[in-house]
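Each chain, letter by letter, is given below.
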Amino acid sequence: MNIAALLVLVGLVTVFQPASAAHAAIGTPVASTEMPTLEGGKAQVMGNVEANVLVFFRPDQPRSAGALRELARCQKDFAGKSVRWVAVVPSSASLPGVMTLMRDTSFAAPVLLDNGDALYGSLGLDLHPVVVIVGRDQKLAAFEPFRVLDYCTVISARIRHVLREISDAELGAVLDPPKATQGGNEQVARRYRAFAEVQFKNKDYDKALDSVRKGLTKDPLLAPAHALLGQILLAQGNCADAVPAFNQALLLDGASTAAREGLERCKSAR
Amino acid sequence: MTSTRGAFAVLFSFALAVSTGLFAQATQPKSSAASAEVLAEKAAAAPARRAPAPRSLVPLTAKPAPASSHAPFEAGDCNICHQNADPKQPGPVLKKGPALCLDCHEEFNGVMKRAHTHAPARTDCISCHNPHNSAFSKLLHLEPRALCVSCHEKIGKLHDSAKVPHKALTTGKQCSNCHNPHGSTVEKLLIQLPFDLCVNCHSVDTMADANGKKLQNIKAWLLDNPKQHGPVASKDCNDCHEPHGGDLFRLINQDYPPEFYAPYDAKNYGLCFGCHREKAFSTAQTATLTSFRNGATNLHYLHLQQSGRGRTCRACHEVHAAKQDHLIRDGVPYGSGGWILKLNYKKTTTGGSCEKTCHAEKSYANRTAPQQ
């Protein structure tokens, strides 16, 4: 196994580390029962779709309001896809409160009334709000309680994973995003190269030489900086030093046109 | 170089960068959370954020020595950014907005493609940076915290008035300890998910709160306790903690009794009931609300609803992580001598048991054992 594959594996193990049992195990069959709806009718919990998204919430909870608002945003991305959204509330919840919350948050889904919290209990849930995703095979595919950050992004990724639109690794990158940094020696080197290029165009050769060399101390493997070093030296008539710089650039990047042209010009100048 | 700086100083003595204020509207995604309600009221009077104030771009003179200086300015290469090379008459800049900066600082082209970007970084780098030199690092107009709270007033007031301020805001890189002011893949411009940021500091045995009480070495604790609380597993520390500062112990963002024993009163447990259902603890008989029941007898109710002897959640549960399912702790601290009364919890196929602890062995059952 190569190092990259090992790192991906370690990353996935970290990402998918289970929380202390707060729900039925992934893969648990979920029965599609008929339940009463908020409007007074009846509806099946599950539809014949790739992803049944069950949103358990309660009306007296700020987190539920936050979650529904976020989910209302998410829903738009799944229009026309094989996804069915269903809201599930305890039958003991304030029904006017549920209606108000649905209206205020613009979350669009049939609302099922869970008599005696039977469905909630059968899934081993112990909190609100929580999104449970059940696949076409009617097995529990994902479980996601509310989170403060990037909730819509995470839920979307969970659904897309069930729809097989994204891979395990892509889901992992959403659940555990890479560190958002920039800079470092490589970037500083690129800045110096860019700075040197402007100085070179302005025919400030000594300054350009100084800048590009500063860049190369930060990143000696930056091929365009070696090529630029050669170009500056060539402009100063110093092909003796320019040729090794062009050669180094080509060693690092065989496609460097600047280095190739520079070498040709030094050859012609002999 | 002194003469160059002097010329710039004269030339720019009236020059102010006037920020448009447009970006005050098109900023970060809206808050989606219900956290920090306790603190929100305190800072409610303050606007969430203001448009960046116009700042002088006048270069500093040689004394006191600037803490940071832009390489082209330092080299006297005015025409890298301006139309002319003459420091006395550099003329207008070659490009407007960030495009000029991105010619050299090309990595920010990638940064600006991240899911969340800071509006001033998208529209005008000089909102935060002086392109010539500065008395602060990174060419910033002010030190990081002062610069951030000059727009994000609410956060500044929240931190300043908090009974429990978070030191992360005033040490090291201050706001930049946790936030990337340019762009990030994580909401709120966090450099990483909250947990990864928190353990950068909370992974030592020597950290203590303002009263000298030792703070948990979270990293070590999690290594030793594999069953994690949901928010910990989601790396979402700010589900329960207010990262900027607060009035409650341990920076928790909702009520929770600091004492170990406390009479049951639902309003004291806002932290837990923000997610978990209070009904699961106040309903004597249930077959669905909790798996900690003997038949339909709710054992949470039994433990908590005792007049004068109520226990807090952490009498039996760890907060961050535990070795056992349901975050059940190994033992209960008993008395002042540091003795741990072992719970000896055992999970069984039909329920579970605790033995010879607070009482004689007790077991419970609420499901049929799986067929072999």
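Residues numbered from 1 in each chain as written. Chains lettered and ligands numbered in written order. Predicted model: local features only at pLDDT ≥ 70, side-chain atom pairs only at ≥ 80, totals over all residues. Heavy atoms only, no water.

Draft legend 1. Up close: the interface of chain A and chain B. At the junction of the two partners, chain A supplies 47 residues and chain B supplies 59 residues. Here chain A packs against chain B, burying approximately 4400 Å² in sum over the two surfaces, 49% of which is carbon and sulfur. The largest per-residue losses of area from chain A upon contact with chain B belong to Arg-63, Val-148 and Leu-149 of chain A, which jointly make up 15% of the total buried on that side. Our count for the contact surface shared by chain A and chain B stands at seven salt bridges. Residue Glu-106 of chain B is joined to Arg-190 of chain A by a salt bridge in which the shortest nitrogen-to-oxygen separation is 2.7 Å. In this assembly, chain A and chain B are joined by 28 residue pairs in polar contact (both at pLDDT 80 or more). Looking at the side of chain A that touches chain B, the elements with two or more residues in it are α2 (62-75), α4 (118-122) and α7 (185-201) of chain A. A per-element tally of the side of chain A that touches chain B places α7 of chain A first, with seven residues. Tallied by class, residues from the side of chain A that touches chain B come to 18 nonpolar, 14 polar and 15 charged. (Contact = heavy atoms within 4.5 Å. Buried area = accessible area lost by both parts, 1.4 Å probe. Salt bridge = Lys/Arg side-chain N within 4 Å of Asp/Glu carboxyl O. Polar contact = N/O pair within 3.5 Å; in protein donor to acceptor, adjacent residues only side chain to side chain. Helix = DSSP H or I, 4+ residues; strand = E, 2+ residues; numbered from the N terminus. Nonpolar A, V, L, I, M, F, W, Y, C, P; charged D, E, K, R; others polar.)

Draft legend 2. Structural view of the packing of helix α10 (residues 239-252) of chain A against helix α11 (residues 257-269) of chain A. Residues and elements named next belong to chain A. Between α10 and α11, the least distance of the axes is 9 Å, while the angle of their chain directions is 150°. By the angle between their directions, the pair α10 and α11 is classed as roughly antiparallel. α11 is crossed by α10, and the crossing has left-handed handedness. Residues Cys-239, Ala-242, Val-243, Phe-246, Asn-247, Ala-249 and Leu-250 of α10 form the contact with α11, whose participating residues are Ala-258, Ala-259, Arg-260, Gly-262, Leu-263 and Cys-266. Looking at side-chain class alone, the contact of α10 with α11 contains 10 nonpolar, two polar and one charged residues. (Axes fitted to C-alpha atoms, helices over the stretch in contact; angles between N-to-C directions. Parallel < 35°, antiparallel > 145°, perpendicular 65-115°, else oblique. Left-handed = near helix turned anticlockwise from the far one by under 90°.)

Draft legend 3. Highlighting the pattern of salt bridges. All names here are of chain A. Here the structure, examined in full by the defined rule, presents 28 salt bridges over all chains. One salt bridge connects Arg-103 with Asp-104, and the closest N-O pair in it is separated by 3.6 Å. It is possible to trace a salt-bridge network through shared partners that takes in Lys-81, Arg-160 and Glu-165.

Draft legend 4. View of the state of the cysteines. Inspection of the entire model under this criterion finds two disulfides over all chains. The disulfide partner of Cys-74 of chain A is Cys-152 of chain A, and the S-S distance across this bridge is 2.4 Å. You can see Cys-74 of chain A sitting in helix α2 and its partner Cys-152 of chain A sitting in helix α5 (residues 151-162), a full 78 residues away along the chain. Since its relative accessible area comes to 0%, Cys-74 of chain A is described here as buried. For Cys-152 of chain A, a relative accessible area of 7% corresponds to the buried category. Disulfide partner of Cys-239 of chain A: Cys-266 of chain A, at an S-S distance of 2.2 Å. An S-S torsion of about -90° defines the bridge between Cys-239 of chain A and Cys-266 of chain A as left-handed. Of this pair, Cys-239 of chain A sits in helix α10 while Cys-266 of chain A sits in helix α11, and the two are 27 residues apart along the sequence. For Cys-178 of chain B, which is in no disulfide, the shortest distance to another cysteine sulfur is to Cys-198 of chain B and amounts to 6.8 Å. Cysteine Cys-237 of chain B remains unbridged, with the sulfur of Cys-198 of chain B as its closest cysteine sulfur at 3.8 Å. Here Cys-237 of chain B falls in the buried class, since its relative accessible area comes to 18%. (Disulfide = S-S within 2.5 Å. Buried < 20%, exposed > 50% of the residue type's maximum accessible area, 1.4 Å probe, protein only.)

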